[in-house]
Structure formats: structure tokens, C-alpha cells
Amino acid sequence: NAGVTQTPKFRVLKTGQSMTLLCAQDMNHEYMYWYRQDPGMGLRLIHYSVGEGTTAKGEVPDGYNVSRLKKQNFLLGLESAAPSQTSVYFCASSYLGRRSTDEQFFGPGTRLTVL
Amino acid sequence: GDSVTQMEGPVTLSEEAFLTINCTYTATGYPSLFWYVQYPGEGLQLLLKATKADDKGSNKGFEATYRKETTSFHLEKGSVQVSDSAVYFCALSETISNTGKLIFGQGTTLQVKP
């Protein structure tokens, strides 16, 4: 099992450009999450999904869109990148997120720089 | 809303020293509590968890006890190694929404010197 994978690993964008980050999991997990990690702020939830075809906003959703067309994939889009979106992005998944005991499994991260 | 507060880092210790990283939380309901570890250049990995009051989570020599009366979940290890150098995150599971969402502390960087 590859677990949770993310592509790309690194990306540099210019202000106003768009891009899509791909997260894939092979554990048949229902729940998937996108976080951003900034120095001194821990991880903050951007969007999440509780199943194929569903998405919901997290703590910091502005400037991002997501889609979950297939159960194993969760895409994070930036339509018009801004320097404030420079961050490390992590995807995570869990089996049955509605149980508070469920562990989340994390991908290796995508380091995005917006110039 | 729910929140997690960790002691600020970085924490610098010599090998074999005792480690404590403080974590306190504010939550409605009865969340589960987690410690995640992030090694350089990697994603987060679950280190240990506790699901109810007085539970003790343990793994790789690390321990933390769910203290409801003090709303704390401090991480401890009796003798740290250089390989323990990493960023440690305390987190709680949000119970109201039933979505498994985690609320993270800001992270504490641990550096262990030989």
C-alpha cells in the first residue's frame, strides 16, 4: 500500500496563476482532508470530504476549491494564486471520520511558493 | 470553539534527557486526544492517542495521559535520542460535527543534541 500520496511535491507559481494539487489514497478511506501548514500556526483545515461526491468548507477555505469525483482522489484547486497561499499543503484521510477515535493518515506534503 | 495550546519551542535537549511537552485544550464534549510527530521533510504520523479521561497513550517510549480535570495531555519521554528530533503536534478531535476533524496546536520543535 502506498498510503496517501500527493503530487506535485514542490511548485512555484506566479501571482494569478492557477494549479491543482492531487491527493490519492489506496486505503479505501471515506473521509479526506486538505490542510495548510504555516510557521507557528500548526495545521489549519481548508476543505474536507466525507465521501465521494461531497465536499465541505473547513477553517480557511477562501481562495481554494476542491472536488472528490472518485473515492480515492481529493483535488485542491487554486484558481488565482496569491502570495498569502505560500505554504505547505497536506492531505489526510481516515476510515470513518465520524468516530472521533479515528486516526488520520497524512501524505508527505506539497510545498507551494507563490511569487 | 475548540482549541489546543502547546508550549512554545524550540526545545533543545541533550541525549538521554527527560522530555516534557505541555499541551492543554479547550473543548465541548469529550474529544479524543492525539500526538502527531513530523520528521524533517515528511508528513505527520500518529505517535499516540487517548480516547477518554485517564487513558494513557504510549508508543516508542513516549507517553501522555488524558487529564480531564486539568484539560491537559502532556507528552513525556524518559530518555530522548537524537532520532527523536522532530516537530510534535498535539491535536483533538472535534466532537460536535461528527466529521473527524482535528484541531491542532501550533507544534513544538524538539532538537536533541548528542
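Residues numbered from 1 in each chain as written. Chains lettered and ligands numbered in written order. Predicted model: local features only at pLDDT ≥ 70, side-chain atom pairs only at ≥ 80, totals over all residues. Heavy atoms only, no water.

Student: So what exactly am I meant to see when it comes to the side chain of A:Gln104 here?
Tutor: Residue and element names in this part refer to chain A. When you line up the elements, Gln104 lands in the loop between strand S9 (87–94) and strand S10 (105–106). Residue classification places Gln104 among the buried residues on the basis of a relative accessible area of 1%. Only 2.8 Å separates the side chain of Gln104 from the side chain of Tyr35, close enough to count as a polar contact. (Helix = DSSP H or I, 4+ residues; strand = E, 2+ residues; numbered from the N terminus. Buried < 20%, exposed > 50% of the residue type's maximum accessible area, 1.4 Å probe, protein only. Polar contact = N/O pair within 3.5 Å; in protein donor to acceptor, adjacent residues only side chain to side chain.)

Student: Looking at this structure, how should I read the sheet that holds strand S3 (residues 19–21) of chain B?
Tutor: Within a sheet, adjacent strands bond to each other through the backbone by hydrogen bonds, running parallel or antiparallel. Residue and element names in this part refer to chain B. Here we have four strands laid out as an open sheet, ordered S3-S9-S8-S7, and antiparallel in their pairing. If you trace the sheet from one side to the other, it starts and ends with S3 and strand S7 (56–59), each paired once. Direction aside, neighbouring strands of the sheet carry axes that sit 15 degrees apart on average. Pairing analysis gives three bridges linking strand S8 (residues 62–65) to strand S9 (residues 75–77), with the strands arranged antiparallel. Counted as the bridge partner of Ala64 is Leu75 from S9. (Pairing = 2+ DSSP bridges. Axes fitted to C-alpha atoms, helices over the stretch in contact; angles between N-to-C directions.)

Student: Would you mind showing me how to read the sheet that holds strand S1 (residues 4–7) of chain A here?
Tutor: Residue and element names in this part refer to chain A. Spatial ordering of the open sheet is given by S1-S3-S8-S7, a layout of four strands whose pairing is antiparallel. Looking at strand neighbours, the two that pair on one side only are S1 and strand S7 (65–67), the edges of this open sheet. Within the sheet, the average angular offset between the axes of one strand and its neighbour, ignoring direction, is 20 degrees. In terms of strand pairing, S1 meets strand S3 (residues 19–25) through four bridges, oriented antiparallel. When the bridges of S3 are listed, Val4 appears paired with Gln25.

Student: How do you make sense of the state of the cysteines when you look at a structure like this?
Tutor: A covalent bond bridging the sulfur atoms of two cysteines is what the word disulfide describes. Residue and element names in this part refer to chain A. Scanning all chains against the criterion turns up two disulfides over all chains. One disulfide bridge connects Cys23 with Cys91, the sulfur atoms lying 1.9 Å from each other. Across the S-S bond linking Cys23 and Cys91, the dihedral sits near -75 degrees, which makes this disulfide left-handed. Of the two residues, Cys23 sits in strand S3 while Cys91 sits in strand S9, which places them 68 residues apart along the sequence. The two residues Cys23 and Cys91 agree in class, both being buried. (Disulfide = S-S within 2.5 Å.)

Student: Teacher, can you tell me more about the nonpolar core here?
Tutor: Counting residues in each nonpolar core, the largest one holds 26 residues, and the members touching the most others are B:Leu19, B:Trp35, B:Leu47, B:Leu48, B:Phe73, B:Leu75 and B:Tyr88. Mapped onto this core, the elements with two or more residues apiece are strand S2 (11–14), S3, strand S4 (23–26), strand S5 (33–38), strand S6 (44–50), S8, strand S10 (86–93) and strand S12 (108–113) of chain B. Top element by residues in this core is S10(B). It accounts for four residues. For B:Leu19, the residues in contact, after removing those within four places along its chain, are B:Val11, B:Leu13, B:Phe62, B:Leu75, B:Glu76, B:Lys77, B:Val80 and B:Leu110. The next biggest cluster of nonpolar side chains, apart from the first, holds 19 residues, and it includes A:Val4, A:Met32, A:Leu78 and A:Tyr89. (Core = buried A, V, L, I, M, F, W, Y, C linked by side-chain atoms within 4.5 Å. Contact = heavy atoms within 4.5 Å.)

Student: Looking at this structure, I do not really get the side chain of A:Arg68. What am I missing?
Tutor: All names here are of chain A. Along the chain, the position of Arg68 falls in the loop between S7 and strand S8 (73–78). Of the side chains with opposite charge, Glu30 comes closest to the buried, unpaired Arg68, at an N-O distance of 5.6 Å. There is a polar contact of 2.9 Å between the side chain of Arg68 and the backbone oxygen of Glu30. (Lys, Arg positive; Asp, Glu negative; His and termini not counted. Salt bridge = Lys/Arg side-chain N within 4 Å of Asp/Glu carboxyl O.)

Student: Looking at this model, I keep getting lost on the packing of aromatic side chains. Mind explaining?
Tutor: The geometry of an aromatic ring pair is captured by two quantities: the separation of the ring centres and the angle between the planes. Here the structure, examined in full by the defined rule, presents 12 aromatic pairs over all chains. A ring pair is formed by A:Phe106 and B:Phe104, whose centres lie 6.2 Å apart and whose planes are at 75 degrees; its orientation type is edge-to-face. Here B:Phe104 lies in strand S11 (residues 102–104) and A:Phe106 lies in strand S10, a pairing that spans two chains. Its relative accessible area of 10% is what places A:Phe106 among the buried residues. A centroid spacing of 6.1 Å and a plane angle of 80 degrees characterise the contact between B:Tyr25 and B:Tyr66, whose relative ring orientation is edge-to-face. Within this pair, whereas B:Tyr25 is found in strand S4, its partner B:Tyr66 is found in the loop between S8 and S9, the two being separated by 41 residues in sequence. What makes B:Tyr25 buried here is its relative accessible area of 7%. We classify B:Tyr66 as buried; its relative accessible area is 2%. (Phe/Tyr/Trp six-rings, centres within 6.5 Å; stacked < 30°, edge-to-face > 60°.)

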